[in-house]
Amino acid sequence: MKSSDFLISTVKEAPNDAQIISHQLMIRAGLISKLASGLYSYLPMGLRIIQKVEKIIREEMNKSKALEVLMPVAQPAEIWKESKRWEEYGPELLRFKDRHDRDFCLGPTHEEVITNIAKQYLRSYKQLPINLYQIQTKFRDEIRPRFGVMRSREFIMKDAYSFHIDEQSLKETYQLMHQTYCNIFDRIGFDYRPVLADSGTIGGDSSHEFHVLAESGEDAICFSDDSDYAANIERAETLPQQKPKTAEQAIEKVETPGVKTITDVCNLLKVEPTSAIKTLIVEGNDNNLVALVLRGDHELNEVKASKIDGVKQPLQMAEEAVVKKQLGCSFGSIGVVNLEIPVIVDFAAAALSDFICGANEDDKHFIGVNWGRDTKKIIASDLRIVVSGDPSPDGKGSLEIKRGIEVGHIFQLGTKYSDSMNANVIGEDGRAVNMNMGCYGIGVTRIIAASIEQNHDDRGIIFPEAIAPFQLVIVPINYNKSSRVKALADQLYMDCLEQNIEVLLDDRKERPGIMFADSELIGIPHRLVISDTHADNGKIEYKSRKMPDKVEVDFKEVVSYILDKLD
RNA sequence: CGGAGUGUGGCGCAGUCUGGUAGCGUAUCUGGUUUGGGACCAGGUGGUCAGAGGUUCGAAUCCUCUCACUCCGACCA
């Protein structure tokens, strides 16, 4: 490709709504163009990258024997009503009516459509297992789109759905997909981790997210410093701790006027938050209240809390007015002494002795409180968000927390959709069985942003070769003046094309500085510079985007030199 | 949905308080000089100042409403 035949749409300044580096660089390099909030066009340079990513995904998916399909973006309400998600999904699902006043939506995902297909065409266990995938545009009406294509409303996703006669078969394909995802992300050149994930209301214990490690990641993930354990922070468990020490202090009520928060209490009483507890009140299953107790320095993990027996799902914090009426005090003064509602205590809080808590009277707290002696019987459970340094749940090492960008998610759906949509096959014994399903997603467009987050410097993007829009850029100095430079550049360009090198010849009438800056901003991995000075010696200058040094290469050997670099 | 903010050539911004000819940088076009790190000179093109209504002799500027976008929060099978 010659630059004069292409659209190089680089800009010096990014719009000021671009917050993170990948968004800024994607705009500046001219990969994307914003149409409206969360809606982006892919310009020629950006599309080439998408196609590279898609190619890798296709190759690896095909290798795993998955079959590609393509399903509609617009979907009729009927199938969503069948799966109950028309009601459950919420405003993220963009709904509209067609000219006949029939309900439709834009697909945020395709479980319903694929199940509908499976229902029609899968009749016998002999056709199973089967794994169908597509690379398709999705639409989710995000509350707050941000970070460019990282969290946009319209985005490209690879989604795969597998169908199985039993759980065993599902598990095998799940493992295969896990491996396939690793292959894909290895090829893309990510520093990533597969982590245990919460499988949401679907249940089942096997769900993994694939996270690219990056400071700007929206998710917190944690891993052991001494084993393979890695999990989304929502999912990471804490272990029961040792029994509390024997009580040393007597319980005593103290005045704490105006004190509402743990910080206030601790400042007033000159103690650390680790020796106080906080009591959160949530709604219970039958119109009652439930107390959740955490150590002062810990935070509630809402996913864990909502899974506790007797706690209303989804988790709902109690209204302060209701709490006042039933417990006789406001939020800041709730405590566990003489508390007449179910009390669930986090393991860490349950391990405390001689601690501080609210007195269930405004402006008063207890000090020297001990479990059992001063409280009724409690249930100890895992309630909190893990913190750095917690012991790893597998018993090996301690946890470290990093930020990650979720680029893939695989999980076992079981029979949720095949049950509600009645997708069954005839089994070996001649009876109909609802199929087990697995579901596997990769955010194609998000991958590009994630890769840039991980690979850039102050000059721009440093694309890994596997997904770079071009492998090589040829920068001729004085292409339009020096006939010798032009001849050499054209010759080299033709030679590269012959070797199927994805090469960009920058034949624009620009000064060298602009051409260097553009190629570095766009992040083309390899660069050759041709100039009269070098031509005098039969040399060409090579530079890798990753390395600071320039190398002189004989003109005759340059193509094989490049081929070697491309491996 | 709650809080905060911003809308002025493609992009980045000034002008708004204190009403009086629409401005700067960059990009773009033409001509010339340059050519190894975002050049210089000269001359152009391009804006109903987000939209609607109001006040005024006169509104980018003051008032009212609407819309869009951004940030923080809530939400996220």
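Attention now moves to the environment of Met547. Within the element layout of this structure, Met547 appears in the loop between strand E29 (539–544) and strand E30 (550–554). On the basis of relative accessible area, Met547 is assigned to the partly exposed category, the value being 49%.

Time to look at the packing of aromatic side chains. Under the defined criterion, the tally for this structure stands at ten aromatic pairs. Here Phe355 and Trp371 contribute two aromatic rings whose centre-to-centre distance is 4.9 Å and whose plane-to-plane angle is 40 degrees, an arrangement assigned as tilted. Remark: Trp371 occurs in the loop between strand E18 (364–369) and strand E19 (379–381) and Phe355 occurs in strand E17 (residues 355–358); sequence separation between them is 16 residues. Its relative accessible area of 0% is what places Phe355 among the buried residues. Each member of the aromatic cluster is reached from another via a ring pair, and the members are Tyr181, Phe185, Phe190, Tyr192 and Phe210.

Quick look at the domain arrangement of chain A now. Domain boundaries assigned for chain A yield domain 1 (47–211 + 408–452), domain 2 (252–381) and domain 3 (470–566). Taking only C-alpha atoms, the centre of domain 2 and the centre of domain 3 are 68 Å apart.

The next subject is the nonpolar core. Formed by 62 residues in total, the largest nonpolar core has its most connected members in Leu31, Phe185 and Phe463. Residue contributions to this core peak at eight residues, all from helix H6 (residues 167–188). Looking at which domains feed residues into this core, each of domain 1 (47–211 + 408–452) and domain 3 (470–566) gives three or more.

Under the criterion given, the structure shown has 39 salt bridges. Between Arg459 and Glu520 there is a salt bridge, with its nearest N and O atoms 3.3 Å apart. Of the two residues, Arg459 sits in the loop between strand E24 (456–457) and strand E25 (460–461) while Glu520 sits in helix H14 (residues 512–522), which places them 61 residues apart along the sequence. Residue Glu520 is classed as buried on the basis of its relative accessible area, which comes to 9%. Shared partners join several salt bridges into a network, and the residues in it are Lys55, Glu59, Glu60, Lys63 and Arg187.

The subject of this paragraph is empty space enclosed by the protein. Summary: where empty space remains is shown by rolling a probe the size of a single water molecule over the atoms. All chains considered together, the criterion is met by two cavities of 30 Å³ or more. If you add up the space inside the largest cavity, you get close to 60 Å³. When contributions to the lining of the largest cavity are tallied by element, the ones reaching two or more residues are H14, strand E28 (526–530) and E29. Per-class residue counts for the lining of the largest cavity are two nonpolar, three polar and four charged. When its volume is computed, the second largest cavity comes out at roughly 30 Å³. For the second largest cavity, the full set of lining residues is Ile8, Val473, Leu504, Asp506, Arg508, Asp518, Ser519 and Ile522. The dominant element in the lining of the second largest cavity, judged by the number of residues it contributes, is H14, at three residues. Of the residues that constitute the lining of the second largest cavity, the class distribution is four nonpolar, one polar and three charged.

It is generally the case that most residues other than glycine have a negative phi and that most peptide bonds are trans. With an omega dihedral of -5 degrees, the bond running from Leu128 to Pro129 counts as a cis peptide bond. Although it is not a glycine, Asn360 sits at a positive phi angle of roughly 60 degrees. Of note, Asn360 is situated in the loop between E17 and E18. Judged by its relative accessible area of 13%, Asn360 is buried. For Asn422, which is not a glycine, the phi torsion comes out positive at approximately 60 degrees. Its place among the elements puts Asn422 in the loop between helix H11 (416–420) and strand E21 (424–426).

Its volume calculated, the largest pocket comes out at about 1700 Å³. Forming the boundary of the largest pocket are 48 residues, of which Tyr89, Arg140, Glu406, His409 and Phe411 lie nearest the centre. Mapped by element, the contributors of at least two residues to the lining of the largest pocket are helix H4 (85–88), strand E8 (154–164), strand E10 (207–213), helix H8 (302–306), strand E20 (399–414), H11 and strand E23 (436–443). The element that contributes the greatest number of residues to the lining of the largest pocket is E20, accounting for eight residues. Both domain 1 (47–211 + 408–452) and domain 2 (252–381) contribute no fewer than three residues apiece to the lining of the largest pocket. Considered as a void within the structure, the second largest pocket measures approximately 310 Å³ in volume. Along the wall of the second largest pocket there are 19 residues; nearest its centre are Lys260, Lys278, Thr279, Phe331 and Gly332. Among the secondary structure elements, those contributing two or more residues to the lining of the second largest pocket are helix H7 (262–269), strand E14 (277–283) and E17. The element that contributes the greatest number of residues to the lining of the second largest pocket is E14, accounting for five residues. For the lining of the second largest pocket, the residue count by class is twelve nonpolar, five polar and two charged.

Calculation criteria
- Residues numbered from 1 in each chain as written.
- Chains lettered and ligands numbered in written order.
- Predicted model: local features only at pLDDT ≥ 70, side-chain atom pairs only at ≥ 80, totals over all residues.
- Heavy atoms only, no water.
- Helix = DSSP H or I, 4+ residues; strand = E, 2+ residues; numbered from the N terminus.
- Buried < 20%, exposed > 50% of the residue type's maximum accessible area, 1.4 Å probe, protein only.
- Phe/Tyr/Trp six-rings, centres within 6.5 Å; stacked < 30°, edge-to-face > 60°.
- Domains from an automatic or database assignment.
- Core = buried A, V, L, I, M, F, W, Y, C linked by side-chain atoms within 4.5 Å.
- Salt bridge = Lys/Arg side-chain N within 4 Å of Asp/Glu carboxyl O.
- 1 Å grid on protein atoms, 1.4 Å probe; cavity = no way out; pocket = protein on both sides within 12 Å on 5 of 7 lines; lining within 4 Å.
- Points joined across faces, edges and corners; volume = space filled by probe spheres on them.
- Nonpolar A, V, L, I, M, F, W, Y, C, P; charged D, E, K, R; others polar.

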